[in-house]
Amino acid sequence: MIYASRNWKATETTDFAGTRYNLTVCGDVEVRRSNQTPKLSEATPQGINPKTLILDLKVEENGDVGGDLVEWRRVEFTNEISARQYDHVTVTGETDEQTIGVDVVLS
């Protein structure tokens, strides 16, 4: 099933000393049941471009039965990386494929 998604953002940040780097990717996913939770994970295998991280979106159902509803739920993926490891992030899986640039925010 394909879920609508929006507001994707990818940000590389550092700690105060500038020695550790983290990549955070977040966005909103439109779910259709109250027991659905969107999750992001690294796709396997990754693509041929090592500067593009590919993330796989899956919507998991928790519990037995969820009530019908349509709402946007926030999903976030955070991982430690090396400096400037990625230029782009592609979100694929249970949504239309979207590629976004990585913003770098230095502390």
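Starting afresh in each chain, residues are numbered from 1 along the sequence in its written order. pLDDT decides what is reported in this predicted model: residues at 70 or higher carry local features, side-chain atom pairs at 80 or more are listed and counted, and totals for whole chains, interfaces and linings draw on all residues regardless. With hydrogens and water set aside, each side-chain value is computed from the structure's full complement of heavy atoms.

## Thoughts on the pairing of strand β2 (residues 21–33)
In plain terms, the rule: Pairing between strands requires that DSSP locate at least two bridges from one strand to the other. Runs of E in the DSSP output that reach at least two residues are strands. Runs of H or I that reach at least four are helices, and both are numbered from the N terminus.
Two elements, strand β1 (residues 5–14) and β2, share eight bridges in a ladder whose sense is antiparallel. For S5, the partnering residue across the bridge sits in β2 and is V29. Counting the residues between successive antiparallel strands, the hairpin from β1 to β2 contains six residues, one of them, G18, with a positive phi of roughly 75°. As paired elements, β2 and strand β5 (residues 68–81) share 12 bridges and run antiparallel to each other. Residue V31 lies in a different strand from β5, and its bridge partner there is E71.

## Quick look at the environment of V75
The test is simple: Buried, partly exposed and exposed residues are distinguished by accessible area as a fraction of the type maximum, computed with a 1.4 Å probe on protein chains only: under 20%, between the cut-offs, and over 50%, respectively. The contact rule is simple, with two residues in contact once any of their heavy atoms fall within 4.5 Å.
With respect to the helices and strands, V75 occurs in strand β5. We classify V75 as buried; its relative accessible area is 2%. Through-space distance from the C-alpha of V75 to that of G93 is 14 Å; in sequence the pair is 18 residues apart. The contacts of V75, once residues within four sequence positions are left out, are W8, V25, C26, G27, V29, P38, K39 and L40.

## Focus on the side chain of S5
For clarity, the threshold we go by: For this analysis, a polar contact is any N or O atom pair within 3.5 Å, provided that within protein one partner can donate a hydrogen and the other can accept it, and provided that sequence-adjacent residues contribute only side-chain to side-chain pairs.
Note on placement: S5 falls in strand β1. Side-chain polar atoms of S5 contact the side chain of W8, separated by 3.0 Å. Engagement of the side chain of S5 in a polar contact is seen with the side chain of T95, the distance being 2.9 Å. Excluding residues within four positions of it along the chain, S5 makes contact with D28, V29, W72, T95 and Q98.

## Description of the nonpolar core
What counts is decided by this rule: Buried Ala, Val, Leu, Ile, Met, Phe, Trp, Tyr and Cys residues form a nonpolar core when they are joined through side-chain atoms within 4.5 Å.
In this structure, W8, L23, V25, L40 and V89 are the most contacted members of the largest nonpolar core, which totals 21 residues. Within the residue set of this core, elements represented by two or more residues are β1, β2, β4 (52–61), β5, β6 (88–93) and β7 (98–105). Of all the elements, β2 adds the most residues to this core, at five residues. Those residues within four positions of L40 in sequence are excluded, and the remaining contacts are W8, V25, L55, D56, L57, V75, E76, F77 and V91.

Read these as geometric descriptors, not functional statements.
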